[in-house]
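Read off the chains here:
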Amino acid sequence: MKKFVPILVAGTAMFLLNACSSAPEPAENKKLEGKWKSKDGAIKLSITDKNFILDDGQASKEDYFVKGDTIYTSYEGSRPFTKFFIKELTDSKLTLCYPDSDIVEFSR
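For the structure given in this document, a descriptive report is provided here.

Definitions and limits used
Residues numbered from 1 in each chain as written. Predicted model: local features only at pLDDT ≥ 70, side-chain atom pairs only at ≥ 80, totals over all residues. Heavy atoms only, no water. Phe/Tyr/Trp six-rings, centres within 6.5 Å; stacked < 30°, edge-to-face > 60°. Helix = DSSP H or I, 4+ residues; strand = E, 2+ residues; numbered from the N terminus. Buried < 20%, exposed > 50% of the residue type's maximum accessible area, 1.4 Å probe, protein only. Core = buried A, V, L, I, M, F, W, Y, C linked by side-chain atoms within 4.5 Å. Contact = heavy atoms within 4.5 Å. Pairing = 2+ DSSP bridges.

## Structural notes on the packing of aromatic side chains
- Using the criterion set out here, one finds 6 aromatic pairs in the structure.
- Judged by centre distance (6.3 Å) and plane angle (55°), the rings of phenylalanine 52 and tyrosine 64 are tilted. Residue phenylalanine 52 is located in strand β3 (residues 51-55), and its partner tyrosine 64 is located in strand β4 (residues 59-67); the two are separated by 12 residues in the primary sequence.
- Judged by its relative accessible area of 3%, phenylalanine 52 falls in the buried class.
- Among the residues examined, tyrosine 64 registers a relative accessible area of 12% and is labelled buried.

What follows is the structure, given as structure tokens:
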């Protein structure tokens with residue numbers, strides 16, 4: 001019993017420290033934010049901290065989140081999510097693989 005109490009206290013302390021800390025926002029998300037246009041100029045993409053606005057003749061504003069190298073978008077939180085795979089991301093270039101496997105290159 002004497003060994004159990006210190007282990008319980010240490011475990012509780014680690015749990016509280018983990019629960020109270022928040023993970024920093026990935027730098028990748030900050031690189032994504034901004035106004036992008038496709039190489040041919042036909043598609044405009046605007047990414048804010050909360051919205052993914054794709055304008056290819058008809059603008060659509062969706063919520064999004066990034067997990068790994070994939071952007072998941074949804075209209076007002078509905079499912080299923082639309083997935084956009086990030087093939088390349090630099091400060092001035094973004095290459096996305098659309099859900100239908102089309103690859104579109106964007107620049108700022």
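## Details of unusual backbone geometry
- For serine 101, which is not glycine, the phi dihedral falls at a positive 70°.
- Relative to the elements of secondary structure, serine 101 occurs in the loop between β7 (93-97) and β8 (103-107).

## Considering the nonpolar core
- Leu45, Phe52, Ile71, Leu94, Leu96, Tyr98 and Phe106 are the most contacted members of the largest nonpolar core, which has 17 residues in total.
- Contributing elements (two or more residues each) for this core: β2 (44-47), β3, β6 (82-89), β7 and β8.
- With 3 residues, β6 is the largest single contributor of residues to this core.
- The residues contacting leucine 96, other than those within four sequence positions of it, are Leu45, Phe52, Ile71, Phe84, Phe85, Ile86, Asp102, Ile103, Val104 and Phe106.

## Considerations on the pairing of β7
- With 4 of 5 residues buried, β7 lies mostly within the body of the structure.
- As paired strands, β6 and β7 are joined by 4 bridges and run antiparallel to one another. Following the sheet pairing, isoleucine 86 is matched in β7 by leucine 96.
- Between β6 and β7, which pair antiparallel in sequence order, lie 3 residues.

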